[in-house]
Amino acid sequence: MSLVQLHAKRPPSFEAAKNRRQRARAAGLDPNHWYAVAESWMIKRSQVREVVFWKRSVAVFRDKHGALHAIENRCAHRQLKLSLGEVDDACHLVCPYHGWAYDGEGRVVRVDHDLFGRKMPKLKVASFPVLERYGLIWVFFGDPALATQVPMPQIPELDGNQRWSALTISGKWKAHYSMIMENICDFSHGYLHRDYRPFANAKLTNVDSAGDAIRITYETEVATGRVSKFFVDRKSHDTTSMDLGIDYPYQWSNTGGGIRHFCSLLPMDERTTYAYFVFYFEHFKVPMVPARLPKWLMGPVLRGAKKLYVAPLLAQDGFAVEAEQEAYDEHYDAPSAELNPVVHAIQALMVRKWQEYLQGQQKSAASV
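From a predicted model like this one, the values you see are computed outputs, not experimental measurements. All residue numbers refer to position in the chain's written sequence, counted from 1. Since the coordinates come from a predicted model, pLDDT governs what is reported: local features require at least 70, and pairs of side-chain atoms require 80 or more to be given and counted, while whole-chain, interface and lining totals use all residues. Heavy atoms from the whole structure form the basis of all side-chain values; hydrogens and water molecules are not counted.

**Digging into the layout of surface pockets**
No. 1: A cavity, in this analysis, means grid points on a 1 Å lattice covering only the protein atoms where a 1.4 Å probe fits yet has no way out; a pocket is instead an open set bounded by protein on both sides within 12 Å along at least five of seven lines, and a residue lines either one if it has an atom within 4 Å of a point. Grid points are joined across faces, edges and corners, and a volume is the space filled by probe spheres set on the points. There is about 920 Å³ of room inside the largest pocket.
No. 2: The wall of the largest pocket is formed by 38 residues, among which P198, S228, Y309, V310 and L313 lie closest to the centre.
No. 3: Numbering goes from the N terminus for both helices and strands, where a helix is a DSSP run of H or I of at least four residues and a strand is a run of E of at least two. Sorting the residues of the lining of the largest pocket by element identifies α3 (177-185), β15 (250-255), β16 (259-269), β17 (272-281) and α4 (295-331) as the ones contributing at least two each.
No. 4: In terms of residue count, the dominant contributor to the lining of the largest pocket is α4 (10 residues).
No. 5: Charged means Asp, Glu, Lys or Arg here, nonpolar means Ala, Val, Leu, Ile, Met, Phe, Trp, Tyr, Cys or Pro, and polar covers whatever is left, Gly included. In terms of residue class, the lining of the largest pocket is made up of 25 nonpolar, 9 polar and 4 charged.
No. 6: Volume-wise, the second largest pocket comes out at about 400 Å³.
No. 7: Residue lining of the second largest pocket: 20 residues in total, with R25, E182, E324, E338 and V343 positioned closest to the centre.
No. 8: Among the secondary structure elements, those contributing two or more residues to the lining of the second largest pocket are α2 (20-26), α3, α4 and α5 (341-367).

**Quick look at α4**
No. 1: The length a helix should cover is 1.5 Å for every residue beyond the first. Its 37 residues place the ends of α4 50 Å apart at the C-alpha level, agreeing with the 54 Å of an ideal helix rising 1.5 Å per residue.
No. 2: Helix geometry: α4 is bent most strongly at K306, by close to 50 degrees.
No. 3: Residue exposure (1.4 Å probe, protein chains only): buried if accessible area is under 20% of the type maximum, exposed if over 50%, otherwise partly exposed. Here α4 has its buried residues at M298, L302, V310, L313, L314, Q316, D317, G318, V321, Q325 and Y328.
No. 4: Residues count as neighbours in contact if any of their non-hydrogen atoms are within 4.5 Å of one another. Contact partners of the buried residues in α4: α2, β11 (165-173), α3 and β17. At every residue, the bend is computed as the angle between two fitted axes, covering the seven residues ending there and the seven beginning there respectively.

**A closer look at the environment of L192**
No. 1: Summarising the element assignment, L192 is placed in the loop between α3 and β12 (199-210).
No. 2: Look at L192 and you get partly exposed, because its relative accessible area is 22%.
No. 3: Separated by 162 residues in sequence, L192 and W354 place their C-alpha atoms 30 Å apart.
No. 4: In this view, L192 contacts Q316, D317, F319 and A320; residues no more than four positions away in its chain are not counted.

**Re the environment of P341**
No. 1: Mapped onto the secondary structure, P341 falls in helix α5.
No. 2: Judged by its relative accessible area of 41%, P341 is partly exposed.
No. 3: Each C-alpha atom, one on P341 and one on I216, is 10 Å from the other, the two residues being 125 residues apart in sequence.

**Details of the sheet that holds strand β1 (residues 34-39)**
No. 1: Spatial ordering of the open sheet is given by β1-β10-β9, a layout of 3 strands whose pairing is antiparallel. A strand with exactly one partner marks an edge of an open sheet, and here the two such strands are β1 and β9 (130-133). Going across the sheet, the axis of each strand differs from the next one's by a mean of 35 degrees, ignoring polarity. The pairing criterion is simple: DSSP has to find at least two bridges between the two strands. Axis lines are fitted to C-alpha atoms, over the contacting stretch for helices. Their N-to-C directions set the angle, which ranges from 0 to 180 degrees.

**Re the pairing of strand β3 (residues 56-62)**
No. 1: Among the 7 residues of β3, 6 are classified as buried, and the element is accordingly described as predominantly covered.
No. 2: Where strand β2 (residues 47-53) and β3 come together, 7 bridges link them in antiparallel fashion. For V51, the partnering residue across the bridge sits in β3 and is V58.
No. 3: Between β2 and β3, which pair antiparallel one after the other, the connecting turn spans 2 residues, and W54 there sits at a positive phi close to 45 degrees.
No. 4: Counting the residues between successive antiparallel strands, the hairpin from β3 to strand β4 (residues 68-72) contains 5 residues, one of them, G66, with a positive phi of roughly 95 degrees.

**A short note on the pattern of salt bridges**
No. 1: The salt bridge criterion pairs a side-chain nitrogen of Lys or Arg with a carboxyl oxygen of Asp or Glu, the two atoms within 4 Å. Applying the stated criterion across every chain yields a total of 18 salt bridges.
No. 2: One salt bridge connects R352 with D212, and the closest N-O pair in it is separated by 3.0 Å. A residue pair is termed long-range when its members are at least 10 positions apart, and R352 in helix α5 and D212 in the loop between β12 and β13 (213-222) qualify at 140 residues.
No. 3: Using a relative accessible area of 29% as the deciding quantity, one classes R352 as partly exposed.

**Focus on the side chain of T217**
No. 1: Among the structural elements, T217 can be located in strand β13.
No. 2: Classification of T217 as buried rests on a relative accessible area of 19%.
No. 3: For T217, the side chain forms a polar contact with the side chain of D243, separated by 2.8 Å.
No. 4: The residues touching T217, leaving out its near neighbours within four places in the chain, are K203, L204, T205, N206, M242 and D243. Each polar contact in these results corresponds to two N or O atoms within 3.5 Å; when the atoms are within protein, one needs to be able to donate a hydrogen and the other to accept it, and residues that are neighboring in sequence are counted only if both atoms are side-chain atoms.

The quantities given are spatial measurements derived from coordinates; they are silent on function.
Put into structure tokens, the structure is as follows:
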């Protein structure tokens, strides 16, 4: 196929889409929410990392005191990405080209070369609210004035002195975020995970949409894999069903009140998404024995589970959604044969929320 043919078959934009599925595959996420952008360990003191939210590049850096900052990822001078630079001892992010230094508010505070008789330029790039919680770094990409009004995601089980044990895992998938959202809410794909069996023989018993939320319940056999089945306390937790939900733009699950996960997706563009998962557990049981695993052993067990179970399991999902994206790019105009009402509910919510955001932007522009 020629480049001209490939370009001709490019999926339509949100405005040009002919049906809901096409609109869902072109929709962005409303930036006026808090989004996970990195695991905390990924940005150490005096380090900088590029993060991208819907084609907008942001430099997130941690100064030598440990404070986090997020500013537009471009130098006001020659537009180089500031994430290519370094964090100096004065806690400034320094462009690698001419050494222009930026503070955490995006202001140019130092120019390390001749000013040619001119005054120090008063220049500034955009800055973004940034917080750290639950082992993740969060950025608010929308209107900064709304950041204090829009609540951070709440995971009460990970707060306080009786925190549950948790593992965090993240990765970049070459697929639109809606495909990932559908994947983690659609339990009809148990065949994909037949070797690990995180859920099996799933039967959808409820799907309700109300406002910006979706509630889903499946009857299913949870954690019946060759190894995982020995660690689940089925006497304390009901593992014959699972509740899932979307509280836009986040996704979560709850099995029996003791096995849960939270997911925040970071859409980079129409074909690339970073996914941040936090899995958290009240307790495990000792295999073959009716006793709970000691709290001090939960950490090592979860580290092993992450390597041997969770990462390979999510890799299967990554393979599937990336293959789906490739197929959609070629066959976006093919009729949809989707059966699961969960998928339809997700697409409807994502399309509506993006339409609302775009309409709000148009009203703001018109009022200027």
